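Chains, contacts and geometry: an overview
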Amino acid sequence: MTLVEVVHGIPEASRESLSGRLLDILLRSGKGDLIPIGLARVFLSLAQRGLLATEEGLRVLLEATAFVEPEKAAASLETDFGLRAASDLIRKMKAV
Amino acid sequence: MVRFGVEFVPRDVFWKTVYYAVQAERSGFDFVWVTDHFNNRNVYVTLATVALYTDRIIFGPGVTNPFLIHPVATASAVASLTEMAPGRVVCGIGAGDRTTLDLVGVSADKPLAAVGEAVQIMQGLFAGETVEFKGEVFQVLRARLNFKPKERVPIYIGAQGARMLTLAASIGDGVLINASHPRDFEEASAHIKAGVSKAGRDLSALDVAAYTCFSIDEDLKKAVKAAVPIVAVIVGGSPEAVLGRHGIKPEVGVGIRDALAKERWGDALSMVTPDLIDAFSICGTPDTCIEKINEVLKMGVTQFVVGSPIGPDVRKAIGVVSNKVTPHFKEAA
């Protein structure tokens, strides 16, 4: 499954709280400098337009967390949101 | 109606500070102030990025100082920001943080003259003038910006002591009062009134900002814990007169200052008592914070700045302020 497919499968009702959870993981991470500059710019642009809980926003948040805290993100996706496919993908992205 | 600002210390990678600024804008805050210390991320790099990712919020250095950064350099940086965000740029300037200036061997002599002269030099440059200035601290032979600033930038002066407060009220567009307790604002108010009166100005033309040490959380213990390190630094740097106003003995300040100077953080933090927290921060649950803000606003404050640490979790704290605190004051107005 690709990231786009995984995100598309996330239920609408979970998106807002998932976005908040991924944001917390990102903002609390001490490894923020690992996020590529281009991705950071897209993240800020989406935040400015209030789009972090959309499919595009979640894709960017998942990608960013994969750079800084893949294990925390994967664990939360699986345990808190029951999103096994997303969790597996984050772990795979970490491995790459 | 009171306006709300928030202070950020750019000690994290740029996108985090900018994200918080974006969140503050979307949460209805009016101002973002970014601190200026050489050992953090650069204030103007941060503010330029804030300019790019925000649309409405007013922002500026809060505060820079004329000892480490010459006022012509500050004027150039701030005027450049007006090209990126017309009508949204302010400039906060004060005497600087003594601890940081000491690290680079910069002596902050004649702070009153330095700040007053810096403001005059910057005002001239913002107005597009060629500035020739001979003061006690600064001598400017012939300085002019090679571009026309988009507008006259409002200058806010960071102040705590009587003379700086009076100066701020007489020449500034705003005053950023470094305090968190109504007793300090009551004292400041008298000096501010003296300053505007001396300058023949109307008090209503001055934005009187409470630049507070603020910490909010639904869990009181967490809010207090986050405020402790900041309160330690404030107490360690406060003059005896300020401590005395709150019934705090000078040796308490000396003890904390010594511990901080020797980087004995555990000792310094252990000396921070509930009385010190109460005197030097606005800290607690949303209801407690509303009550304390109300007391501060009675002292003539027109802008309330939620300063460091903001809360144990900055994103959450900004959310709590915008959902539970600011509506209280907007609805009341």
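Heads up: these notes are all about the structure in this document. (Residues numbered from 1 in each chain as written. Chains lettered and ligands numbered in written order. Predicted model: local features only at pLDDT ≥ 70, side-chain atom pairs only at ≥ 80, totals over all residues.)

**Concerning the overall build of chain A**
Of the regular secondary structure elements, chain A holds six helices and zero strands. N-terminal to C-terminal, the α/β element order of chain A is α-α-α-α-α-α. At 12 Å, chain A has a C-alpha radius of gyration in line with the 12 Å of a compact globule built from 96 residues. Dimensions of chain A along its principal axes, counting C-alpha atoms only, are 30 × 30 × 20 Å. A fraction of 71% describes how many contacts in chain A between residues 6 or more apart in sequence connect residues 24 or more apart. (Helix = DSSP H or I, 4+ residues; strand = E, 2+ residues; numbered from the N terminus. Rg over C-alpha atoms; globule rule 2.2 N^0.38 Å. Contact = placed C-beta atoms within 7 Å.)

**Points about the overall build of chain B**
A count of helices and strands for chain B gives 14 helices and twelve strands. Against the compact-globule benchmark of 20 Å for 333 residues, chain B has a radius of gyration of 19 Å, which places it among compact chains. Projected onto the principal axes, the alpha-carbon positions of chain B cover approximately 55 × 40 × 40 Å. Counting across all 333 residues of chain B, residues that qualify as buried make up 50%. Nonlocal contacts in chain B, meaning residues at least 24 apart in sequence, comprise 71% of its contacts between residues at least 6 apart. (Buried ≥ 20, exposed ≤ 12 C-beta atoms within 10 Å, placed from the backbone.)

**Comments concerning the sheet that holds strand β3 (residues 58-61) of chain B**
Residue and element names in this part refer to chain B. Pairing within the open sheet is parallel, and its eight strands lie in the order β3-β2-β1-β12-β9-β8-β7-β4. Across the chains shown, the open sheet's two edge strands, defined by having one partner strand only, are β3 and β4 (91-93). Strand-to-strand twist of the sheet, defined as the mean angle between neighbouring strand axes without regard to direction, takes the value 25°. (Pairing = 2+ DSSP bridges. Axes fitted to C-alpha atoms, helices over the stretch in contact; angles between N-to-C directions.)

**Remarks on the packing of helix α3 (residues 37-48) of chain A against helix α4 (residues 55-68) of chain A**
Residue and element names in this part refer to chain A. The contact between α3 and α4 brings their axes to 10 Å, and the two run at 145°. Seen from above, α3 lies across α4 with left-handed handedness. In this structure, α3 uses Leu39, Val42, Phe43 and Leu46 to contact α4, whose residues at the interface are Glu56, Gly57, Val60, Glu63 and Ala64. Per-class residue counts for the contact of α3 with α4 are six nonpolar, one polar and two charged. (Left-handed = near helix turned anticlockwise from the far one by under 90°. Nonpolar A, V, L, I, M, F, W, Y, C, P; charged D, E, K, R; others polar.)

**Quick word on the interface of chain B and chain A**
Taken together, the contact pairs eleven residues of chain B with 13 residues of chain A. The leading source of residues in the side of chain B that touches chain A is helix α1 (residues 14-26) of chain B, at six residues. Class assignment for the residues of the side of chain B that touches chain A results in six nonpolar, one polar and four charged.

**A look at the nonpolar core**
All names here are of chain B. With 134 residues, the main nonpolar core has Val32, Ile157, Val175, Ile177, Ala209, Ala210 and Val231 as its most contacted residues. At nine residues, helix α8 (residues 220-237) tops the list of elements feeding residues into this core. Dropping the residues within four chain positions of it, Ala209 is found in contact with Gly5, Tyr156, Gly174, Val175, Leu176, Ile177, Val301, Gln303 and Val305. (Core = buried A, V, L, I, M, F, W, Y, C linked by C-beta atoms within 7 Å.)

**Describing the pairing of strand β6 (residues 139-143) of chain B**
Residues and elements named next belong to chain B. Relative to β6, strand β5 (residues 131-134) is paired through three bridges, and the arrangement is antiparallel. Bridging from a neighbouring strand, Phe133 pairs with Val140 of β6. Hairpin connection of β5 to β6: four residues between the antiparallel strands.

**Examining α4(A)**
An ideal rise of 1.5 Å per residue puts 20 Å on 14 residues; α4(A) measures up with 20 Å between its terminal C-alpha atoms. Every buried residue belonging to α4(A) is among Gly57(A), Leu58(A), Val60(A), Leu61(A), Leu62(A), Ala64(A), Thr65(A), Ala66(A) and Phe67(A), and all of these are buried. (Expected span 1.5 Å × (residues − 1).)

**Considerations on the pairing of β3(B)**
All names here are of chain B. Pairing of strand β2 (residues 31-34) with β3 involves four bridges; the strand directions are parallel. The residue bridging Val32 from the neighbouring strand is Phe59, located in β3. Handedness of the crossover is the feature at issue here: the chain leaves β2, passes through helix α2 (residues 43-53), returns alongside β3, and the resulting connection is right-handed. (Right-handed = clockwise from strand over helix to strand, strands pointing away.)

**Side note on α8(B)**
Residues and elements named next belong to chain B. For α8, spanning 18 residues, the distance from its first C-alpha to its last is 26 Å, which sits close to the expected 26 Å at 1.5 Å a residue. The principal kink in α8, of about 35°, is found at Val228, preceding the proline Pro229 by one to four residues. Looking only at α8, the buried set comprises Ala223, Ala226, Ala227, Val228, Ile230, Val231, Ala232, Ile234, Val235 and Gly236. The inward-facing, buried residues of α8 contact β10 (214-216), α10 (250-261), α11 (265-270), α12 (274-280) and β11 (282-284). (Bend = angle between axes of the 7 residues up to and from the residue.)

**A closer look at the environment of Glu251(B)**
Position of Glu251(B) relative to the elements: it lies in helix α10. Sequence spacing of Glu251(B) and Glu240(B) is eleven residues, and the spatial spacing of their C-alpha atoms is 9.2 Å.

**Focus: the environment of Asp12(B)**
All names here are of chain B. Checked against the element boundaries, Asp12 lands in the loop between β1 (3-8) and α1. On the basis of neighbour counts, which here come to 20 C-beta atoms within 10 Å, the residue Asp12 falls in the buried class. Residues Asp12 and Arg41 lie 29 residues apart in sequence; the distance between their C-alpha atoms is 7.4 Å.

**Observations regarding the packing of α3(A) against α1(B)**
Helix-helix packing: each pair is described by the crossing angle between the helix axes and the interaxial distance. Running from amino to carboxyl end, α3(A) crosses α1(B) at an angle of 10°, the nearest separation of the two axes being 9 Å. In terms of orientation, α3(A) lies roughly parallel with respect to α1(B). Contact with α3(A), carried on its side by Ala40(A), Phe43(A), Leu44(A), Ala47(A) and Gln48(A), involves Trp15(B), Val18(B), Tyr19(B) and Val22(B) of α1(B) and no other residues of that element. Classifying every residue of the contact of α3(A) with α1(B) by side-chain character gives eight nonpolar, one polar and no charged. (Parallel < 35°, antiparallel > 145°, perpendicular 65-115°, else oblique.)

**Quick look at unusual backbone geometry**
Residue and element names in this part refer to chain B. Going from Gly62 to Val63, the amide bond is cis rather than trans, its omega being 0°. Among the secondary structure elements, Val63 is positioned in the loop between β3 and α3 (71-84). Across the junction of Ser308 and Pro309, the peptide omega takes the value 10°, indicating a cis bond. The topology assignment puts Pro309 in the loop between β12 (303-306) and α14 (314-332). With a phi close to 55°, Glu263 is a non-glycine residue in the positive phi region. Within the secondary structure, Glu263 sits in the loop between α10 and α11. Of note in the backbone geometry, Ile310 takes a positive phi value of approximately 75° without being a glycine. With respect to the helices, strands and loops of the structure, Ile310 is situated in the loop between β12 and α14.

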